[in-house]
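These are the residues of each chain, in order.
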Amino acid sequence: MDLVLRPGRAEDAQDCGRICFEAFDGIARGHGFRSDMPGVEPATEMFRMVFDHPGFYTVVAELDGRIVGSNCLDERSPVAGVGPITVDPAVQNGGIGRRLMLDVMQRAAERQAPGIRLLQSGYHCRSFALYAGLGFEFRETVACLQGPPIGGAVPGYEVRAATDADLAACNDLCRRVHGADRGGELVDALKAGTARVTEHGGRITGYATDLSFFAHAVGETTEDVRALIAAAPAFGGPGILVPAGNSALLQWCLGNGLKVQQLMSLMTIGLYSEPAGAYLPSILY
């Protein structure tokens, strides 16, 4: 049997969406967890968006002409984010996932990306071993939290919708906290109308592209991110991702009714420095 890797195309969305749901659902249920993907159609819609977006690199694996897996690389910002990577359950554990990972890593190297990051489900030991074996370093345990909106506000911190005029300040904030900006993602969030900022002392001290599984947030302090969470009308998808090392934020979320859905590992290659502030990663990083 011949395995061929090729660029993803819009017409691949249905097959890739089905495989993505079946792979995530099977692994999650096998470990007693809910799937990150609620169904085939939402997964297919996600792939339609990714395949149509110029900021994503996609690769599809074919075995004897049949699609059996895919991987994506988010190139919207300087540091690249990996995922989702999925392989048809019928052919898992045969090296296809490794080939798909090597492909996106080569892509990042060719584009001279300063770093690559990903999050993986803590219960999936095989994927952790795959990424570690490929050179990814463990950085942080992250808790996926879901629950009813908290409501209210943090005294002294105003949360409002972000505008295009806020882009430079938000990118500067992200660079100060993480060492690189995520401007491409923020531009998309501004277009979608989901981005929010925190203002404190008359200036922007935090922002979020949304409060959801596929969104990220950055703040100078834990209070900045807490204000963004408190003001959110809902938490999209499986929930928000809170670094477990930020005990004050995690405990505050738990005390306000959010519940841990699963624990995940943030893993990186290349550029990484300990965040000089508070943050919420997206499922990509």
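Residues numbered from 1 in each chain as written. Predicted model: local features only at pLDDT ≥ 70, side-chain atom pairs only at ≥ 80, totals over all residues. Heavy atoms only, no water.

**Some words on the sheet that holds strand 14 (residues 278–280)**
This is how it is decided: Strands are treated as partners if at least two bridges between them are detected by DSSP. Note on conventions: DSSP H or I runs of at least 4 residues are helices, E runs of at least 2 residues are strands, and numbering of each starts at the N terminus. In this description, a line fitted to the C-alpha atoms serves as the axis of each element, helices being fitted only across the stretch in contact, and the angle between N-to-C directions of two axes falls anywhere from 0 to 180 degrees. Residues count as neighbours in contact if any of their non-hydrogen atoms are within 4.5 Å of one another.
Overall, antiparallel pairing links the five strands, which are arranged 8-9-10-11-14 in an open sheet. Bordering the open sheet on either side are strand 8 (158–161) and strand 14, each of which pairs with just one other strand. Ignoring strand direction, the axes of neighbouring strands in this sheet form an average angle of 25°. Pairing geometry for strand 8 and strand 9 (residues 196–200), over four bridges, is antiparallel. From the neighbouring strand, Val159 faces strand 9, where its bridge partner is Thr198. On the sheet, helix 7 (residues 222–231) packs against strand 8, strand 9, strand 10 (203–208), strand 11 (217–219) and strand 14 and is oriented at approximately 130° with respect to strand 9.

**A word on helix 1 (residues 13–30)**
Note the following rule: By definition here, a helix of n residues has an expected span of 1.5 Å times n minus one. For every residue, the accessible area obtained with a 1.4 Å probe (protein chains only) is divided by the maximum for its type, and the residue is called buried under 20%, exposed over 50%, and partly exposed between those limits.
Taking 1.5 Å per residue, 18 residues should reach 26 Å; helix 1 reaches 25 Å between its end C-alpha atoms and fits that length. For helix 1, the complete set of buried residues consists of Ala13, Cys16, Gly17, Ile19, Cys20, Phe21, Ala23, Asp25, Ile27 and Ala28. On its buried side, helix 1 packs onto helix 2 (40–52), strand 2 (56–63), strand 3 (66–74), strand 5 (86–87) and helix 4 (125–133).

**Overview of the packing of aromatic side chains**
In plain terms, the rule: To pair, rings of Phe, Tyr and Trp, with the six-membered ring standing in for Trp, must have centres within 6.5 Å; the planes then decide the type, stacked if under 30 degrees apart, edge-to-face if over 60, and tilted in the middle. By definition here, charges over rings are those cases where NZ of Lys or CZ of Arg is within 6 Å of the ring centre and within 35 degrees of the ring normal.
Inspection of every chain in the model, using the stated rule, returns four aromatic pairs. Taken together, a centroid distance of 5.7 Å and an interplanar angle of 35° make the contact between Phe47 and Phe51 tilted. Here Phe47 pairs with Phe51, and both are found in helix 2, just four residues apart, close to one helical turn. Comparing Phe47 with Phe51 shows no difference in burial state: the two are buried. Above the face of the Tyr285 ring, Arg182 is positioned so that its terminal group lies 3.7 Å from the ring centre.

**Thoughts on the state of the cysteines**
Rule in force here: A pair of sulfur atoms, both from cysteines and within 2.5 Å, is called a disulfide here.
Using the criterion set out here, one finds zero disulfides in the structure. With no disulfide of its own, Cys253 has Cys144 as its nearest cysteine by sulfur position, at a separation of 11 Å. For Cys253, a relative accessible area of 0% translates into the label buried.

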